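Examination of the molecular architecture
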2 protein chains.
Amino acid sequence: MAGGVGSRFWPMSTPECPKQFIDVLGVGKTLLQLTVDRFEGCIPKSNIWVVTSASYFDMVKGQLPFVADDHILLEPCMRNTAPCIAYVTWKIKSRYPDAVMAVTAADHLVIDTAEFKRVADKGLAFVAGNDRIMTLGMIPSRPETGYGYIKSNDVFVGEPLKVAEFKEKPDYETAVKYINEGKYYWNAGIFFWDVRTIEAALRANAADIAAVFDSLEQSLYTDREQEAVNAEFPTCRSISIDYAVMEKAPNVYVLPASFGWSDLGTWGSLHNQLDHDGQNNSSVGGNVKFVESSNCIVRMPEGKDVVIQGLDGYIVAESNGSLLICRLQDEQRIKEFSAKLK
Amino acid sequence: MAGGVGSRFWPMSTPECPKQFIDVLGVGKTLLQLTVDRFEGCIPKSNIWVVTSASYFDMVKGQLPFVADDHILLEPCMRNTAPCIAYVTWKIKSRYPDAVMAVTAADHLVIDTAEFKRVADKGLAFVAGNDRIMTLGMIPSRPETGYGYIKSNDVFVGEPLKVAEFKEKPDYETAVKYINEGKYYWNAGIFFWDVRTIEAALRANAADIAAVFDSLEQSLYTDREQEAVNAEFPTCRSISIDYAVMEKAPNVYVLPASFGWSDLGTWGSLHNQLDHDGQNNSSVGGNVKFVESSNCIVRMPEGKDVVIQGLDGYIVAESNGSLLICRLQDEQRIKEFSAKLK
């Protein structure tokens, strides 16, 4: 899933080039490329599918040249994850009815890719040929209020657990309670299922969305596909797969795991993932010198010389000819800040 | 005089392109061009002389194409204002022994150019054909500690006053005392004199420097001039015209004036000269939006989109691929900050 616009990472991320297409970490690969890489040895490259916005087709092809054109699905508009997953599910089921699927966002971070592969292999094996839906649950390292949680009443001994409940993003006190209880995992939005299972789950729990793709079935893999999708996809309601299916289906499992995951949803979460100097400053790109500064995250174009003096707790980010300086604590307002320039 | 390197205005000003060659105010002309413009109708353009560094010749020609090559004097190194003025004095006296001279820095600001012209005309008339040295004294508007002061014991009634004393940059209490006494004027470093007068004053008060240019006299206006200057100019001691001549000569006058002058010596002084929003923010260049910010000065390249949120009292300046963010109150340390990148 590579269709997001990454508005919370402005100006690094823009609607023209959102964060999944950017080398956010300064490691030489984009988040999309890193996402594909971490399935290496687990899923053949020829089995990679990308669902994205029509305007990002060229970037996907440029960054993943080995992905066939008909494996790049183009949404005419954003409708959250349920219609996105339904589209690729209907594509896959019509040609590969026995397929096992892994679903992930293209703009998240995984540090320990070996552990990720081990978990992904286990996940695929757990759902293959049966009627289980599996999601990965990150063993929480802190009372994070930026993630949803998954609760299981069972004890984790290395195997997937039956899900008891999905929980919205909690307030801080609730998050602390979750951590202390020990039965809660971060919902990372990484799913495993047999294509038959997710098709059935969509039919059972989101019949309206399933009906849209049933109506498109004759067009798939034809010259008429994009035109038909452009006409019908927008009629889907906008809803996440969590709301549409996961919270309703009876056969949902969570595999607790720990491989250094972040949704990189905010500058603060990126700041947490980067190396820091002694004053908790981090930077990506550029030649950045901190003087009497602390708790700052700086993202600059390559080759840019920067001196930052006397700042505590700020984002300083330049990209695409735009410069943002704002308090890290106010990063939830970045959309408002970027709108000032319009 | 256009030889300074403007290190206090980094990164806008760099040794490759110091502030006199920059449109610091965003008005469409560089400080050098504005300096020449303000003598229009007062001094013919063909009588303009520029003393600068050899490396700035092309910029001077580019910005003042009407200035003849032999009116652009190239210092091989910086030796402060006394050797600079001696050089142009010896050049002028050998061809134009009756000349009257006005001397000014090329990187200062004058707001009321009509009043400047009136004062300059008065100054030139006051010194022409006699043995007076005249300097302009800015009627102070505040107890500024960044300027030297000139004291006269006489009462200003519109005419030049005999100078009693030159004063170094004062501390704040002393500056307040000066303002209250009312006999003190800012030393703007703008001088008027007959070429014979300044030659004699240099011979009397800085004989070593006069001797250097006497030794060069045969080379002036020849193909050997630059080579000879390159060899001999560096042997001059580095000393200001104030120390070398003004404070010693007996015949020095000050003409109090008020035409909105600033030496633009610091980001703070530039900030004072620019238009401000309701929160005392000012910007030059770029498309700069301030959010919950105050007392900031921002200098950006044209066309750059910038949002600044949550800053109070900062310089944010980008130029030549370098970005500086620092506290305005720490601007005296800009040399230190720029050195971090070396």
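Residues numbered from 1 in each chain as written. Chains lettered and ligands numbered in written order. Predicted model: local features only at pLDDT ≥ 70, side-chain atom pairs only at ≥ 80, totals over all residues. Heavy atoms only, no water.

**So, the overall build of chain A**
Per the secondary structure count, chain A includes 11 helices and 17 strands. On C-alpha atoms alone, chain A measures out to a radius of gyration of 21 Å, which is about the 20 Å that the 2.2 N^0.38 rule sets for 342 residues. Its C-alpha atoms give chain A principal-axis dimensions of roughly 60 × 50 × 35 Å. By residue count, 55% of the 342 residues in chain A fall in the buried class. (Helix = DSSP H or I, 4+ residues; strand = E, 2+ residues; numbered from the N terminus. Rg over C-alpha atoms; globule rule 2.2 N^0.38 Å. Buried < 20%, exposed > 50% of the residue type's maximum accessible area, 1.4 Å probe, protein only.)

**Details of the relation of the copies chain B and chain A**
Aligned on chain A, chain B shows an RMSD of 0.0 Å; the corresponding rotation is 180° and the shift along the axis is 0.1 Å. Taken together, these values place the two copies in the relation of a two-fold axis. Ranked by how close their C-alpha atoms come to the rotation axis, the residues of chain B are headed by Leu311 of chain B, at 4.4 Å. The fraction of interface residues of chain B whose copies in chain A are also interface residues reaches 100%, indicating that both copies meet through the same surface. (Least-squares fit on C-alpha atoms with pLDDT ≥ 70 in both. Contact = heavy atoms within 4.5 Å.)

**Details of the environment of Ser46 of chain A**
With respect to the helices, strands and loops of the structure, Ser46 of chain A is situated in the loop between helix H1 (31-37) and strand S1 (50-53). C-alpha separation for the pair Ser46 of chain A and Gly278 of chain A, spaced 232 residues apart in sequence, amounts to 44 Å.

**Description of the sheet that holds strand S13 (residues 287-291) of chain A**
Spatially, 6 strands are ordered S13(A)-S15(A)-S17(B)-S16(B)-S14(B)-S12(B) in an open sheet, and the strand pairing comes out mixed. Looking along the sheet, the strands with just one partner apiece sit at the ends: S13 of chain A together with strand S12 (282-284) of chain B. Each strand of the sheet is rotated relative to its neighbour by a mean of 10°, with strand direction disregarded. In the sheet, strand S16 (residues 314-319) of chain B pairs with strand S17 (residues 322-327) of chain B via 6 bridges, with the strands oriented antiparallel. Bridging across to S17 of chain B, Val316 of chain B finds its partner in Ile325 of chain B. (Pairing = 2+ DSSP bridges. Axes fitted to C-alpha atoms, helices over the stretch in contact; angles between N-to-C directions.)

**Remarks on helix H8 (residues 225-232) of chain A**
Buried residues of H8 of chain A: Glu225, Ala228 and Val229 of chain A, and no others. The arc that holds the buried residues of H8 of chain A, viewed along the axis, is 100°, so those residues lie on one side. (Arc of directions from axis to C-beta.)

**With respect to the side chain of Arg38 of chain B**
Residue and element names in this part refer to chain B. Here Arg38 is to be found in the loop between helix H1 (31-37) and strand S1 (50-53). Buried and without a salt bridge, Arg38 has Asp107 as its closest oppositely charged side chain, separated by 8.4 Å. Here the side chain of Arg38 touches His108 through a polar contact of 3.3 Å, landing on its backbone oxygen. (Lys, Arg positive; Asp, Glu negative; His and termini not counted. Salt bridge = Lys/Arg side-chain N within 4 Å of Asp/Glu carboxyl O. Polar contact = N/O pair within 3.5 Å; in protein donor to acceptor, adjacent residues only side chain to side chain.)

**Observations regarding the interface of chain B and chain A**
Tallying the contact residues gives 29 residues for chain B and 29 residues for chain A. At the junction of chain B with chain A, the criterion picks out 4 salt bridges. Among the salt bridges present, the one from Lys304 of chain A reaches Glu318 of chain B, with a minimum N-O distance of 2.6 Å. Summed over the shared surface of chain B and chain A, the number is 20 residue pairs in polar contact (both at pLDDT 80 or more). Broken down by secondary-structure element, the contributors of at least two residues to the side of chain B that touches chain A are strand S13 (287-291), strand S15 (305-309), S16 and S17 of chain B. Here the side of chain B that touches chain A is built from residues that sort into 15 nonpolar, 5 polar and 9 charged. (Nonpolar A, V, L, I, M, F, W, Y, C, P; charged D, E, K, R; others polar.)

**Examining the pattern of salt bridges**
Working definition: two side chains of opposite charge can pair if their charged atoms are close together. Residues and elements named next belong to chain A. Applying the stated criterion across every chain, the model contains 42 salt bridges over all chains. The partner of Lys122 in a salt bridge is Glu159, with the nearest N and O atoms 3.0 Å apart. Here the residue Lys122 occupies a position in helix H4 (residues 113-127), and Glu159 occupies one in the loop between strand S6 (149-151) and strand S7 (161-162), the gap between them amounting to 37 residues. Its relative accessible area of 25% is what places Lys122 among the partly exposed residues.

**Observations concerning the nonpolar core**
Among the nonpolar cores identified, the biggest contains 46 residues, and Trp193, Ile198, Phe213, Ile241 and Val245 of chain B are the most heavily contacted of them. Those elements that place two or more of their residues in this core are helix H3 (81-95), strand S3 (100-103), strand S9 (184-194), helix H6 (195-205), helix H7 (207-216), helix H8 (225-232), helix H9 (241-246) and strand S10 (252-257) of chain B. Tallying contributions element by element places H3 of chain B first for this core, with 8 residues. Apart from the residues lying within four places of it in its own chain, the contact partners of Ile198 of chain B are Ile85, Thr89, Met101, Trp193, Ile241 and Val245 of chain B. By size, the runner-up hydrophobic cluster in this structure holds 45 residues, among which are Cys84, Leu202, Ile209 and Cys236 of chain A. (Core = buried A, V, L, I, M, F, W, Y, C linked by side-chain atoms within 4.5 Å.)

**Some thoughts on the packing of H7 of chain B against H8 of chain B**
Residue and element names in this part refer to chain B. One can describe the packing of H7 onto H8 by two numbers: an axis separation of 10 Å at closest approach and a directional angle of 150°. Our classification of the angle between H7 and H8 gives roughly antiparallel. In this structure, H7 crosses over H8, and the sense of that crossing is right-handed. Seen from H7, the contacting residues are Val212, Ser215 and Leu216; seen from H8, they are Ala228, Val229 and Glu232. (Parallel < 35°, antiparallel > 145°, perpendicular 65-115°, else oblique. Left-handed = near helix turned anticlockwise from the far one by under 90°.)

**Here we look at the side chain of His108 of chain A**
Residue and element names in this part refer to chain A. Structurally, the position occupied by His108 is in the loop between strand S3 (100-103) and strand S4 (109-110). In terms of polar contacts, His108 uses its side chain to reach the side chain of Trp261, at 3.4 Å. Among residues more than four places away in sequence, those in contact with His108 are Leu31, Thr35, Arg38, Ala188, Trp261, Ser262, Asp263 and Leu264.

**Details of the sheet that holds strand S12 (residues 282-284) of chain A**
One open sheet holds the 6 strands; their spatial order is S12(A)-S14(A)-S16(A)-S17(A)-S15(B)-S13(B), and the pairing between them is mixed. Because the sheet does not close on itself, it has two edges, and the strands there are S12 of chain A together with S13 of chain B. Direction aside, neighbouring strands of the sheet carry axes that sit 10° apart on average. As judged from the 5 bridges shared by S13 of chain B and S15 of chain B, these two strands associate in the parallel manner. Considered in S15 of chain B, the bridge of Val291 of chain B is made with Gln309 of chain B.

So far we have only geometry, and geometry alone does not tell us how the molecule works.
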